Amino acid sequence: MTLTHFTNATLIDPVALTEETGSLTIRDGLIIAIDGAAPKDAQVIDAGGACLAPGIIDIGVKVSEPGERHKESFRSAGRAAAAGGVTTIVTRPDTLPAIDTPETLEFVARRAAADAQVHVLPMAALTKGRMGQEMTEIGLLLDGGAVAFSDCDRVVTNTKVYARALTYAASLDALVIGHVQDPVLSDGASVTSGKFASLRGLSGVSPMAERMALDRDIALLEMTGAKYHADQITTARALPALERAKRNGLDITAGVSIHHLTLNDLDVADYRTFFKLKPPLRSEDDRRAVIAALAEGLIDIISSMHTPQDEESKRLPFEDAASGAVGLETLLPAALRLVHEDQISLPRLFRAMSLNPARRLGLDAGRLRIGAPADLILFDPHMPFQLDRSTLLSKSKNTPFDGARLQGRVLGTWVDGTRIFGGVDA
Amino acid sequence: MTFRARHLLGIEHLHPTEITTLLDLADTYAEANRAGTVPRDRLAGLTQINMFFENSTRTQASFEMAGKKLGADVMNMSMQTSSVKKGETLIDTALTLNAMHPDLLVVRHPSSGAVDLLAQKVNCAVLNAGDGRHEHPTQALLDALTIRRAKGRLHRLSIAICGDIAHSRVARSNIMLLGKMENRIRLIAPPTLMPTGIADFGAEVFTDMRKGLEGVDVVMMLRLQKERMDGGFIPSEREYFHRYGLDAEKLGHAKPDAIVMHPGPMNRGVEIDGTIADDINRSVIQTQVEMGVAVRMAAMDLLAQNLRAARAA
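The following refers to the structure shown. For clarity, every value in this text was computed on a predicted model and none was experimentally measured.

**Section: the interface of chain B and chain A**
Turning to step 1, where the next piece is worked out: Each partner contributes residues to the interface: chain B has 22 residues there, and chain A has 16 residues.
Turning to step 2, where the next piece is worked out: On the chain B side of the interface with chain A, the three residues burying the most area are Ser112, Thr196 and Phe201 of chain B, jointly 27% of the side's total.
Turning to step 3, where the next piece is worked out: The partner of glutamate 12 of chain B in a salt bridge is arginine 200 of chain A, with the nearest N and O atoms 2.9 Å apart.
Turning to step 4, where the next piece is worked out: Within the residue set of the side of chain B that touches chain A, elements represented by two or more residues are helix H3 (90-98), helix H4 (114-119) and helix H6 (169-180) of chain B.
Turning to step 5, where the next piece is worked out: With three residues, the top contributor of residues to the side of chain B that touches chain A is H4 of chain B.
Turning to step 6, where the next piece is worked out: Across the side of chain B that touches chain A, the residue classes break down as seven nonpolar, nine polar and six charged.

**Regarding the nonpolar core**
Turning to step 1, where the next piece is worked out: Formed by 101 residues in total, the largest nonpolar core has its most connected members in Leu214, Ile233, Ile302 and Phe350 of chain A.
Turning to step 2, where the next piece is worked out: Considering every element that reaches this core, the biggest residue donor is helix H11 (residues 331-340) of chain A, with seven residues.

**Some words on the pairing of strand S7 (residues 86-91) of chain A**
Residue and element names in this part refer to chain A.
Turning to step 1, where the next piece is worked out: The buried fraction of S7 amounts to six of the six residues, a majority that puts the element mostly inside the structure.
Turning to step 2, where the next piece is worked out: As judged from the five bridges shared by strand S6 (residues 56-61) and S7, these two strands associate in the parallel manner. Paired with isoleucine 56 across the bridge in S7 is valine 86.
Turning to step 3, where the next piece is worked out: Note on the crossover from S6 through helix H1 (residues 74-84) to S7: the handedness is right-handed.
Turning to step 4, where the next piece is worked out: Relative to strand S8 (residues 119-122), S7 runs parallel, the two sharing four bridges. Of the residues in S8, the one forming a bridge with threonine 91 is proline 122.
Turning to step 5, where the next piece is worked out: Considered for its hand, the β-α-β crossover made up of S7, helix H2 (residues 102-115) and S8 is right-handed.

**Let's talk about the pattern of salt bridges**
A side chain of one charge can pair with a side chain of the opposite charge when the charged atoms of the two come close.
Residue and element names in this part refer to chain A.
Turning to step 1, where the next piece is worked out: This structure, assessed with the given rule, holds 40 salt bridges over all chains.
Turning to step 2, where the next piece is worked out: Where arginine 92 meets aspartate 94, a salt bridge forms, and the shortest distance between an N and an O atom there is 3.2 Å.
Turning to step 3, where the next piece is worked out: Classification of aspartate 94 by relative accessible area gives buried; the value is 11%.
Turning to step 4, where the next piece is worked out: Across the salt bridge formed by aspartate 153 and arginine 130, the nearest N and O atoms sit 3.4 Å from each other. Pair noted here: aspartate 153 is in the loop between helix H3 (138-143) and helix H4 (159-171) and arginine 130 is in the loop between S8 and H3, with a separation of 23 residues, a long-range link.
Turning to step 5, where the next piece is worked out: Salt bridges linked by common partners bring Glu65, Arg69, Arg75, Arg111 and Asp115 together as one network.

**A word on the packing of aromatic side chains**
Geometry of an aromatic ring pair is reported as the spacing of the ring centres plus the angle between the planes.
All names here are of chain A.
Turning to step 1, where the next piece is worked out: Under the criterion given, the structure shown has three aromatic pairs over all chains.
Turning to step 2, where the next piece is worked out: With 4.8 Å between their ring centres and 85 degrees between their planes, phenylalanine 6 and tryptophan 414 make a pair best called edge-to-face. You can see phenylalanine 6 sitting in strand S1 (residues 3-13) and its partner tryptophan 414 sitting in strand S16 (residues 405-415), a full 408 residues away along the chain. Summarising the burial analysis for this pair, phenylalanine 6 and tryptophan 414 share the class buried.
Turning to step 3, where the next piece is worked out: Ring plane angle 25 degrees and centroid distance 5.5 Å describe the contact between phenylalanine 350 and phenylalanine 379, whose orientation is recorded as stacked. Linking phenylalanine 350 in helix H12 (residues 346-361) with phenylalanine 379 in strand S15 (residues 376-386), this pair joins segments that are 29 residues apart in sequence. One exposure class covers both phenylalanine 350 and phenylalanine 379, and it is buried.
Turning to step 4, where the next piece is worked out: Seen from the ring of phenylalanine 385, arginine 409 lies directly overhead, with NZ or CZ sitting 3.8 Å from the centre.

**A short note on H4 of chain A**
Residue and element names in this part refer to chain A.
Turning to step 1, where the next piece is worked out: An ideal rise of 1.5 Å per residue puts 18 Å on 13 residues; H4 measures up with 18 Å between its terminal C-alpha atoms.
Turning to step 2, where the next piece is worked out: When H4 is considered as a whole, its buried residues turn out to be Val161, Tyr162, Ala163, Ala165, Leu166 and Ala169.
Turning to step 3, where the next piece is worked out: The inward-facing, buried residues of H4 contact H3, strand S9 (175-178), helix H6 (208-224) and strand S12 (227-230).
Turning to step 4, where the next piece is worked out: Two to three positions downstream of the cap, the backbone nitrogen of lysine 160 sits 2.9 Å from a side-chain oxygen, assigning the N-cap of H4 to asparagine 158.
Turning to step 5, where the next piece is worked out: Immediately downstream of H4, the backbone of aspartate 173 shows phi near 55 degrees, a positive value.

**Details of the environment of aspartate 115 of chain A**
All names here are of chain A.
Turning to step 1, where the next piece is worked out: Here aspartate 115 is to be found in helix H2.
Turning to step 2, where the next piece is worked out: On the basis of relative accessible area, aspartate 115 is assigned to the buried category, the value being 15%.
Turning to step 3, where the next piece is worked out: Along the backbone, aspartate 115 and isoleucine 57 are 58 residues apart, and their C-alpha atoms lie at a distance of 18 Å.
Turning to step 4, where the next piece is worked out: Once residues lying within four places of it in the same chain are set aside, the contact partners of aspartate 115 are Arg69, Phe74 and Arg75.
Turning to step 5, where the next piece is worked out: There is a polar contact of 3.0 Å between the side chain of aspartate 115 and the side chain of arginine 75.
Turning to step 6, where the next piece is worked out: Of the polar contacts made by the side chain of aspartate 115, one reaches the side chain of arginine 111; its length is 2.8 Å.

**Some points on the sheet that holds strand S4 (residues 125-131) of chain B**
All names here are of chain B.
Turning to step 1, where the next piece is worked out: Pairing is parallel across the open sheet formed by four strands, whose spatial order is S2-S1-S3-S4. Edge positions in the sheet fall to strand S2 (73-78) and S4, since each of these pairs with one other strand and no more. Averaged over all pairs of adjacent strands, the angle between strand axes in this sheet comes to 15 degrees, irrespective of strand direction.
Turning to step 2, where the next piece is worked out: Two strands pair when backbone bridges link them, and strand S1 (residues 47-52) and S2 are joined in this way by six bridges, in the parallel orientation. Within the sheet, the bridge partner assigned to phenylalanine 52 lies in S2 and is serine 78.
Turning to step 3, where the next piece is worked out: Running at roughly 145 degrees to S4, helix H11 (residues 285-312) makes contact with S1, strand S3 (104-109) and S4 of the sheet.

**Re helix H2 (residues 58-69) of chain B**
Residue and element names in this part refer to chain B.
Turning to step 1, where the next piece is worked out: For H2, spanning twelve residues, the distance from its first C-alpha to its last is 16 Å, which sits close to the expected 16 Å at 1.5 Å a residue.
Turning to step 2, where the next piece is worked out: The set of residues buried in H2 consists of Thr59, Gln60, Ser62, Phe63, Ala66, Gly67 and Lys69.
Turning to step 3, where the next piece is worked out: Phi turns positive, to about 90 degrees, at glycine 71, one or two residues after H2.

**Structural notes on the pairing of S1 of chain A**
All names here are of chain A.
Turning to step 1, where the next piece is worked out: Counting buried positions along S1 yields nine of eleven residues, so the element is predominantly enclosed.
Turning to step 2, where the next piece is worked out: Both S1 and strand S2 (residues 18-27) contribute to a ladder of nine bridges, which runs antiparallel. Considered in S2, the bridge of leucine 11 is made with glutamate 20.
Turning to step 3, where the next piece is worked out: In this structure, the hairpin formed by S1 and S2 is closed by a connection of four residues, where leucine 17 is found at a positive phi of approximately 60 degrees.
Turning to step 4, where the next piece is worked out: Note: S1 against strand S4 (residues 43-46), four bridges, orientation parallel. Its bridge partner lying in S4, threonine 4 is registered against glutamine 43.

**Some remarks on the packing of helix H1 (residues 16-35) of chain B against helix H5 (residues 137-151) of chain B**
Residues and elements named next belong to chain B.
Turning to step 1, where the next piece is worked out: It is the contact of H1 with H5, at a shortest axis distance of 10 Å, that shows an interaxial angle of 70 degrees. With respect to each other, H1 and H5 are oriented roughly perpendicular. When H1 is examined against H5, the residues Ile19, Thr20, Leu22, Leu23, Asp24, Ala26, Asp27, Ala30, Glu31 and Arg34 are found in contact with a partner set consisting of Leu141, Ala144, Leu145, Arg148 and Arg149.
Turning to step 2, where the next piece is worked out: Here the contact of H1 with H5 is composed, by residue class, of eight nonpolar, one polar and six charged.

Cut-offs and rules
Here, residues in each chain are numbered from 1, in the same order as that chain's written sequence. Each chain gets a letter, beginning with A, and each ligand a number, beginning with 1, in the order they are written. Where totals are concerned, whole chains, interfaces and linings use all residues; where local detail is concerned, this predicted model gives features only for residues with pLDDT of at least 70, and gives and counts side-chain atom pairs only at 80 or more. Computation of side-chain values covers all heavy atoms of the structure but excludes hydrogens and water. The contact criterion used is simple: two residues touch if any of their non-hydrogen atoms lie within 4.5 Å. Here the quantity called buried area is the accessible surface, traced with a 1.4 Å probe, that two parts lose on coming together, added over both. Within this document, salt bridges are pairs made up of a side-chain nitrogen of Lys or Arg and a carboxyl oxygen of Asp or Glu, the two lying within 4 Å of each other. Secondary structure elements are defined from DSSP: runs of H or I of at least 4 residues count as helices, runs of E of at least 2 residues count as strands, and each element is numbered from the N terminus. Lys, Arg, Asp and Glu make up the charged group, whereas Ala, Val, Leu, Ile, Met, Phe, Trp, Tyr, Cys and Pro make up the nonpolar group; the residues left over, Gly among them, are polar. Buried Ala, Val, Leu, Ile, Met, Phe, Trp, Tyr and Cys residues form a nonpolar core when they are joined through side-chain atoms within 4.5 Å. Under the scheme applied here, a residue whose accessible area is under 20% of the maximum for its type counts as buried, over 50% as exposed, and between as partly exposed, the area being computed with a 1.4 Å probe on protein chains only. A pair of strands is treated as paired once DSSP finds two or more bridges between them. Here a crossover is taken to be right-handed if, once the strands point away from the viewer, the path from the first strand over the helix to the second is traced clockwise. The criterion for an aromatic pair is that two Phe, Tyr or Trp rings (for Trp, the six-membered ring) have centres within 6.5 Å, with stacked assigned to planes under 30 degrees apart, edge-to-face to planes over 60 apart and tilted to the rest. Lysine and arginine charges are scored as sitting over a ring when NZ or CZ, respectively, is within 6 Å of the ring centre and within 35 degrees of the ring normal. Helix span, expected: 1.5 Å multiplied by one less than the number of residues in the helix. As used in this structure description, the phrase polar contact means that two N or O atoms lie within 3.5 Å; if the pair is within protein, one of them must be able to donate a hydrogen and the other to accept it, and residues adjacent in sequence are counted only when both atoms belong to side chains. An axis is simply a line fitted to the C-alpha atoms; with a helix, the fit covers only the stretch in contact. Between two such axes, the angle follows the N-to-C directions and lies from 0 to 180 degrees. We call two directions roughly parallel when the angle between them is under 35 degrees, roughly antiparallel when it is over 145, roughly perpendicular when it lies between 65 and 115, and oblique otherwise.

Taken by themselves, the reported measurements are silent on function.
As structure tokens, this is what we get:
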């Protein structure tokens, strides 16, 4: 039996949208009291005013097992998540091979249970081999523990196949996650079109490619009634379509990656491949529009879109280099930039990082409430540091924040009431 | 007058005084080439390696000629038939070459930014001979020298750049160089061959060639790549020539003494009428080739001076 009592903590409540000093007690993996007295026998942790919040639930984490374990394993991803305050990772099926059968899903579940110290909820592919031709065994995969279905960055171009898969998924109340980039318009592009792309001589894609794909998916949702999440909305032009779809009562939510909230296309500078992402970084105007949409709740969820890549796949000419950045350990300090700039409040930030992902996936976590799982993080939102990528626990170190000055450090992480990160003297 | 750069990767990071320094030296080399009085020992004892990851006869020959005239030991490596085909990465190729201690590395590569990447990994001076759609600095410098010699100045001129601007590294380097020297730049292209955001570059944009050429001092034509001619970007070769090919009638909209330039190789009858290209009163295309050698001699001379100074320090 574990019994822990936090005192003098700033409790971040993403439901009530409050941040107030109080205490919280956990026992046997659950929150049992808020602002109660310390039970005798409890281990008492004086937070010293630090923030106590529900652990982050990160949708769209790439763990490179099976296939590319040298880039990231369940052990290394679990340690990175714990250090970053992420208590649940929702893993992507774009592995080698793709997670598209109950057998490969079972492999993931087994590897995760053996090696990862955080909760791992796997996603499965929507179509076999992510090839966009035949739907996967959605029912079997759902019973096997898949929490959502996605072909990740491969867009299903055959709308007949896609419509059937959405219809079938809807009958099982399965969540489908779409990548909203028109695949033909964005083919071959490595940056967003505009002055910067032209100056650097790089192939650019119009930001309209996102709107086009979102419009298509919204039409298919109207047709099929599926439960749907757009993985990353990163452009101003896509926002009115999203707003309309929500107003019309479609079961749609939207996410955004932390990188699109904190970086823009100019950060690529002299062909820095660690800033090559999918979709590519956007203009500053788009970044600001997306932050505003997040603050008002139109965009629901922030993800790290953690994508480990080794040095070999990044140390190439920009257009040949692999896309993606690691983000588990930098998600919180990068997101706190938005709080320090008064773009969003701390409780609203945790609504987007903990509560909303939990709600979308039907989990009890993501809240500070009696009876909820004791997946918690204690952090100091102000502690400054300069990121040195060699200190990251991820096997891959492809972070765009190398050398960046950030604020906010995780002091402790608890999963089901057990401390998995941070010293006892926090 | 100074030239501080360690590499010549692009026009973007050059200061106007560096450009003037280089052009002044190139001017003396142009005269020395004609008079046969080139100092044959300027690059003596130095090794120049030409690494071309993309085919080029003209540019490679020009760099080779420039190096040999100044006494460098020149080696040509055709990278399309070498270890790159065997899967070696650009970085590994760079490290291998670096271990041989070359002094001047001339690189052409089909990917934008590849020459910058390579330059980070070697100890010698790197000259960009064209990277993807990014920059081709020696081409812009030779164009600038040609203009300066023909017009007597390199500022306050009205200069039209016409053709496939979207895919042209020559256009990018020229826009930057001519802009830095305070000229008025007009870009003329069908909208499908005009890069997005180009209006922010400080140039005027035209899709009507006659309007674009109105009263200009210099007409720079760009080469239209064969693979872009059929349907993808423009309807056809003949429609392109009809609307954007430089002929006597369209050239009539420019100033009477306007010069005509082309980086070569030309597609006669596609972007330029043969009679215009050969008109010795208007076309300076052969002068461009001549200035190419002089500019590359000057660039390598200046970089070698900086390299020797850095090594001595």
